[in-house]
Amino acid sequence: VQLVESGGGLVQPGGSLRISCAASGFTFSLYTMSWHRQAPRKEREVVAVISSGGGSTNYADSVKGRFTISRDNAKNTVYLQMNSLKPEDTAVYYCNTRLLTGYEYWGQGTQVTVSS
């Protein structure tokens, strides 16, 4: 199983960014996927979750209305569109899934920095 995030970077407050997570090594279309983030000196927190078919999504209150999680099962990729970014969104963003085996997998993370 491999999860590879990409698309992070530096963006000004109020800006937008889309990050991606390419998955391999398992049947992507069968599993819920999620994005998490960890800011310096803070615990990792869940940001958004999407069901296997993409029909159900959930968001942390802090990003609701600004972030959108989506997936393309044909491309084995999950996305996080981030709009109206704030400095407090600065963090390393991680892709995550838990398989039926019970094992949980994480990507290496992609840094998102919101600063002027």
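For the structure itself, look to the data block above.
Residues numbered from 1 in each chain as written. Predicted model: local features only at pLDDT ≥ 70, side-chain atom pairs only at ≥ 80, totals over all residues. Heavy atoms only, no water.

**Side note on the nonpolar core**
A general trend in soluble globular proteins is that nonpolar side chains are found buried together.
Okay, so step 1: Within the largest apolar cluster, 29 residues are counted, with the highest numbers of intra-cluster contacts made by Trp 35, Val 78, Leu 80, Met 82 and Tyr 93.
Okay, so step 2: Only strand S3 (17–24), strand S4 (33–38), strand S5 (45–50), strand S7 (67–72), strand S8 (77–82), strand S9 (91–98) and strand S11 (110–114) provide two or more residues apiece to this core.
Okay, so step 3: Examining the composition of this core, we find that four residues originate from one element, S3, more than from any other. (Core = buried A, V, L, I, M, F, W, Y, C linked by side-chain atoms within 4.5 Å. Buried < 20%, exposed > 50% of the residue type's maximum accessible area, 1.4 Å probe, protein only. Helix = DSSP H or I, 4+ residues; strand = E, 2+ residues; numbered from the N terminus.)

**So, the side chain of Arg 71**
Okay, so step 1: Within the secondary structure layout, Arg 71 lies in strand S7.
Okay, so step 2: Although Arg 71 is buried, it makes no salt bridge; Asp 72 carries the closest opposite charge, 8.3 Å away.
Okay, so step 3: Only 2.8 Å separates the side chain of Arg 71 from the backbone oxygen of Phe 28, close enough to count as a polar contact. (Lys, Arg positive; Asp, Glu negative; His and termini not counted. Salt bridge = Lys/Arg side-chain N within 4 Å of Asp/Glu carboxyl O. Polar contact = N/O pair within 3.5 Å; in protein donor to acceptor, adjacent residues only side chain to side chain.)

**Considering the sheet that holds S3**
Okay, so step 1: With respect to topology, four strands assemble into an open sheet ordered S1-S3-S8-S7, the strand pairing being antiparallel. Both edges of this open sheet fall to strand S1 (2–6) and S7, since each of them pairs with a single strand only. With direction set aside, neighbouring strand axes in the sheet form an average angle of 15°.
Okay, so step 2: As paired elements, S1 and S3 share five bridges and run antiparallel to each other. Pairing of Gln 2 across the sheet is with Ser 24, part of S3. (Pairing = 2+ DSSP bridges. Axes fitted to C-alpha atoms, helices over the stretch in contact; angles between N-to-C directions.)

Shape descriptors only; they carry no functional weight alone.
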